Amino acid sequence: MHRSAPRLTRILACAAVPVMLVVAGCSSDSDGDKDKASSSSPAPDATKSEPAVAAAKFAELPDPCKSITEKTVTSLVPAANHKKGTQGKSSDTAARGSCSWNGLDDNGVKGSQYRWLDVGFTRFASDQALGSGADRAGNDLTKQLAKVKAVEGAKKVVTTPVSAIGDQATLITYDLDKTGENFKYATIVARTGNVVVTLTYNGAGYAGSKTPSAEKITTGAEMAAKNAVAAVATANESPEASTSPKASTKPASKTTDKATDKASDKAAS
């Protein structure tokens, strides 16, 4: 009995050694695996950034008062006070601009017809934080439409999508009573690239003259809106784009010489 006790102690002590070795071995392998995993994992790319937003299509805005052709202005506002239009104030003409025409066509005892036409442009640049110019313009278009629909006193408000005017366009027509007369309104909000065009045309009859039809006002607004959208594209054309292939094949010196000759002939006469 006394001899077996030390022997049992030695057996237990020897049995404990492999267990400790196994535990130590497992711990060592685990650390090794961690080292391998960390060394094989790709390091985060500190230079990685968000994808760049699309570039804005248009960099320039047209002269607002020249965006509607003279022919259109004469047709829509025949008795305009200022044929060349009245330009609106803007703190940044590269980003926004506007112009308006108005006048009363007095027909004596037959009454008078009043017309108002105005156009506004807003250009949005592409911004990494705010989004592309086109997307920002689309958001603004939605806001502008909401403002038109919320005009105080507007009656018979009708909203209609319009095709063939920019990338997207919406027409809003409504009636509005003011100065004792019923005015017919047509507003078109259109987006062309990164530019929003807002055009309003309205009219009324005075002194017994009939109120213009909604169809006539709408047709006029669409015609003017097409002028305005086309003006945006024209303002951003490069000199090369406006040069015809036939003209470009002629030597520049000869063209200059002809122009000089004409100027000389005029001076001589």
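Residues numbered from 1 in each chain as written. Predicted model: local features only at pLDDT ≥ 70, side-chain atom pairs only at ≥ 80, totals over all residues. Heavy atoms only, no water.

Engineer: How would you explain the environment of Ile 165 if you had to name every residue and give the values?
Structural biologist: Looking at the element boundaries, Ile 165 is found in the loop between strand 4 (155-162) and strand 5 (168-178). By relative accessible area, Ile 165 is classed as buried at 2%. Here the alpha-carbon distance between Ile 165 and Thr 192, two residues 27 residues apart in the chain, equals 8.1 Å. Beyond its immediate sequence surroundings of up to four residues, Ile 165 is in contact with Ile 188, Ala 190, Glu 222, Ala 225, Lys 226 and Val 229. (Helix = DSSP H or I, 4+ residues; strand = E, 2+ residues; numbered from the N terminus. Buried < 20%, exposed > 50% of the residue type's maximum accessible area, 1.4 Å probe, protein only. Contact = heavy atoms within 4.5 Å.)

Engineer: Quick one: what's the story with the layout of surface pockets, residue by residue and with numbers?
Structural biologist: Estimated volume of the largest pocket: approximately 190 Å³. Secondary-structure elements contributing two or more residues to the lining of the largest pocket are helix 2 (70-76), strand 3 (112-123) and helix 4 (214-235). It is helix 4 that provides the largest number of residues to the lining of the largest pocket, a total of five residues. Partitioning the lining of the largest pocket into residue classes produces five nonpolar, four polar and three charged. By volume, the second largest pocket is sized at about 160 Å³. Contributing to the lining of the second largest pocket are Cys 65, Lys 66, Ile 68, Thr 69, Glu 70, Val 73, Thr 74, Lys 83, Lys 84 and Trp 101. A per-element tally of the lining of the second largest pocket places helix 2 first, with three residues. Along the lines of polarity and charge, the residues of the lining of the second largest pocket split into four nonpolar, two polar and four charged. (1 Å grid on protein atoms, 1.4 Å probe; cavity = no way out; pocket = protein on both sides within 12 Å on 5 of 7 lines; lining within 4 Å. Points joined across faces, edges and corners; volume = space filled by probe spheres on them. Nonpolar A, V, L, I, M, F, W, Y, C, P; charged D, E, K, R; others polar.)

Engineer: Account for the pattern of salt bridges, with residues named and values stated.
Structural biologist: Tallied over the entire structure, the rule returns four salt bridges. A salt bridge links Asp 175 to Lys 184; the shortest N-O distance between them is 3.1 Å. Per residue, the accessibility class of Asp 175 equals that of Lys 184, and both read buried. Through salt bridges that share partners, Lys 156, Asp 175 and Lys 184 make up one connected network. (Salt bridge = Lys/Arg side-chain N within 4 Å of Asp/Glu carboxyl O.)

Engineer: Report on the sheet that holds strand 7 (residues 195-206), specifying residues and quantitative values.
Structural biologist: A sheet is described by the order of its strands in space; here seven strands give the open sequence 1-2-3-7-6-5-4, paired in antiparallel fashion. Each edge of the sheet is formed by a strand with only one pairing partner; in this case those strands are strand 1 (86-87) and strand 4. Sheet analysis places strand 1 next to strand 2 (residues 96-106), joined by two bridges and oriented antiparallel. Bridged to Gln 87 within strand 2 is Cys 99. Running at roughly 150° to strand 7, helix 4 makes contact with strand 3, strand 4, strand 5, strand 6 (181-192) and strand 7 of the sheet. (Pairing = 2+ DSSP bridges. Axes fitted to C-alpha atoms, helices over the stretch in contact; angles between N-to-C directions.)

Engineer: Lay out unusual backbone geometry with the relevant residues and their values.
Structural biologist: Negative phi is the rule for most residues except glycine; trans is the rule for most peptide bonds. In the Ramachandran plot, Lys 156 falls in the positive-phi region, its phi being about 55° despite a non-glycine side chain. Along the chain, Lys 156 turns up in strand 4. At Thr 179, a residue that is not glycine, the phi angle is positive and equals roughly 50°. By the element assignment, Thr 179 lies in the loop between strand 5 and strand 6.

Engineer: Kindly report on the side chain of Arg 115, identifying the contributing residues and their values.
Structural biologist: Counting through the fold element by element, Arg 115 comes out in strand 3. No salt bridge is formed by the buried Arg 115. Its closest oppositely charged neighbour is Asp 105, at 7.8 Å. Side-chain polar atoms of Arg 115 contact the side chain of Tyr 201, separated by 3.4 Å. Every residue in contact with Arg 115, bar those within four places of it in the chain, is listed here: Leu 76, Val 77, Trp 101, Asn 102, Gly 103, Tyr 201, Asn 202, Gly 203, Ala 204, Pro 212, Lys 216 and Ile 217. (Lys, Arg positive; Asp, Glu negative; His and termini not counted. Polar contact = N/O pair within 3.5 Å; in protein donor to acceptor, adjacent residues only side chain to side chain.)

Engineer: Tell me about the confidence of the model for the protein chain, residues and numbers included.
Structural biologist: Per-residue pLDDT for the protein chain has a mean of 81; in total, 70% of the residues score no lower than 70. Overall, residues 240-269 carries pLDDT values under 50, and its contacts beyond four positions in sequence, including any with other chains, amount to three contacts. (pLDDT = per-residue confidence, 0-100.)

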